Amino acid sequence: RKEVEQDPGPFNVPEGATVAFNCTYSNSASQSFFWYRQDCRKEPKLLMSVYSSGNEDGRFTAQLNRASQYISLLIRDSKLSDSATYLCVVNMTSGTYKYIFGTGTRLKVLA
Amino acid sequence: GAVVSQHPSWVICKSGTSVKIECRSLDFQATTMFWYRQFPKQSLMLMATSNEGSKATYEQGVEKDKFLINHASLTLSTLTVTSAHPEDSSFYICSATKTSGSFYEQYFGPGTRLTVT
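Residues numbered from 1 in each chain as written. Chains lettered and ligands numbered in written order. Predicted model: local features only at pLDDT ≥ 70, side-chain atom pairs only at ≥ 80, totals over all residues. Heavy atoms only, no water.

Peer 1: Help me understand the overall build of chain B, please; the structure alone is not making it clear to me.
Peer 2: Scanning chain B from N- to C-terminus turns up 0 helices and 11 strands. Listed N to C, the secondary structure of chain B is β-β-β-β-β-β-β-β-β-β-β in terms of helices and strands. With the principal axes as the frame, chain B shows a C-alpha extent of 45 × 25 × 25 Å. Of the contacts formed within chain B by residues at least 6 apart in sequence, a portion of 54% connects residues at least 24 apart. With an accessible surface of roughly 5800 Å², chain B has 52% of that area assigned to carbon and sulfur atoms. Looking at chain B, you have 10 positive and 9 negative side-chain charges, and the mean spots of the two groups are 5 Å apart. (Helix = DSSP H or I, 4+ residues; strand = E, 2+ residues; numbered from the N terminus. Contact = heavy atoms within 4.5 Å. Areas by Shrake-Rupley, 256 points an atom, 1.4 Å probe, with all protein chains shown as cover. Lys, Arg positive; Asp, Glu negative; His and termini not counted. Charge placed at Lys NZ, Arg CZ, Asp CG, Glu CD.)

Written as structure tokens, this is what we have:
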């Protein structure tokens, strides 16, 4: 089983749609969680950290369920510019900053 | 801000030659940097953790003698791909950790696209 699993997609959605991405992780001792966005042939960029209580940043909402070892990202009112690959990232070990990346979920927002 | 640069951004080399890639944190000091590799349509795979002033820690399956890492200062880490072969062609990305108390974030360089012919 992979340490961090995501549905690879692609998710093709119309502009304005709400889309949800899910991610599961295998190590129950994982400490920190993030969503990154990666555009084609570019480096990943931090979209948002994921906090235990859930957090929102504009159209983006992240949730964490430690009991189920599950992370989600919700994008509301999707824009064409949201088209990218969304990477679920987990810091597996306390005391290090080592990140484990999911395979990413591709999103394409259609006009 | 937190800016990480990589040089070169792309390189083409012949099989058997060595290539050095630099990763710099431009406006902060990073005691820890990471090197990743990404093949087309795949996710980033961590290759090694680079710590300033000490030996790098390599992930399982990554040959330390082939991928030489040097973290000479708090703002510079280098990855040298020795005796490169076509299967080493990939997108190599570094990241640098910026800490503020107990809070930290990783910032990624723009990547280096290596093509070995």
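Picking up after the structure, the text goes on.
Peer 1: Is there a simple way to explain the sheet that holds strand β8 (residues 70–75) of chain A in this structure?
Peer 2: Adjacent strands of a sheet form backbone hydrogen bonds with each other and so pair up, either parallel or antiparallel. Residue and element names in this part refer to chain A. Taken in spatial order, the 5 strands line up as β1-β3-β8-β7-β6 in an open sheet, and their pairing is antiparallel. A strand with exactly one partner marks an edge of an open sheet, and here the two such strands are β1 (4–6) and β6 (55–57). Strand-to-strand twist across the sheet, computed as the mean angle between neighbouring axes with direction ignored, equals 20 degrees. (Pairing = 2+ DSSP bridges. Axes fitted to C-alpha atoms, helices over the stretch in contact; angles between N-to-C directions.)

Peer 1: Sorry, what's going on with the environment of Pro 10 of chain A here?
Peer 2: One can find Pro 10 of chain A in the loop between β1 and β2 (11–14). Sequence-wise, Pro 10 of chain A and Gln 38 of chain A are 28 residues apart; in three dimensions their C-alpha atoms are separated by 14 Å.

Peer 1: Sorry, what's going on with the interface of chain B and chain A here?
Peer 2: Frequently, the measure chosen for interface size is the accessible area removed from exposure when the parts meet. Residue-level contacts link 20 residues of chain B with 17 residues of chain A. Both faces combined, the contact of chain B with chain A buries some 1600 Å², and carbon together with sulfur accounts for 57% of it. Among the residues chain B hides against chain A, the three largest losses belong to Ser 43, Tyr 104 and Phe 108 of chain B. Together they make up 32% of the total. Where chain B meets chain A, there are 1 salt bridge. In this structure, the salt-bridge partner of Lys 98 of chain A is Glu 59 of chain B, at a minimum N-O distance of 3.2 Å. Summed over the shared surface of chain B and chain A, the result is 4 residue pairs in polar contact (both at pLDDT 80 or more). The set of elements that each furnish at least two residues to the side of chain B that touches chain A consists of β4 (32–38), β5 (45–51), β9 (90–100) and β10 (103–108) of chain B. (Buried area = accessible area lost by both parts, 1.4 Å probe. Salt bridge = Lys/Arg side-chain N within 4 Å of Asp/Glu carboxyl O. Polar contact = N/O pair within 3.5 Å; in protein donor to acceptor, adjacent residues only side chain to side chain.)

Peer 1: What should I look at first to understand unusual backbone geometry in this one?
Peer 2: Glycine aside, the phi torsion of most residues is negative, and most peptide linkages are trans. Residues and elements named next belong to chain A. For the bond from Gly 9 to Pro 10, the omega torsion is 5 degrees, close enough to zero to count as cis. One non-glycine residue, Asp 77, lies in positive phi territory at about 50 degrees. Relative to the helices and strands, Asp 77 is located in the loop between β8 and β9 (84–91). Judged by its relative accessible area of 38%, Asp 77 falls in the partly exposed class. (Buried < 20%, exposed > 50% of the residue type's maximum accessible area, 1.4 Å probe, protein only.)

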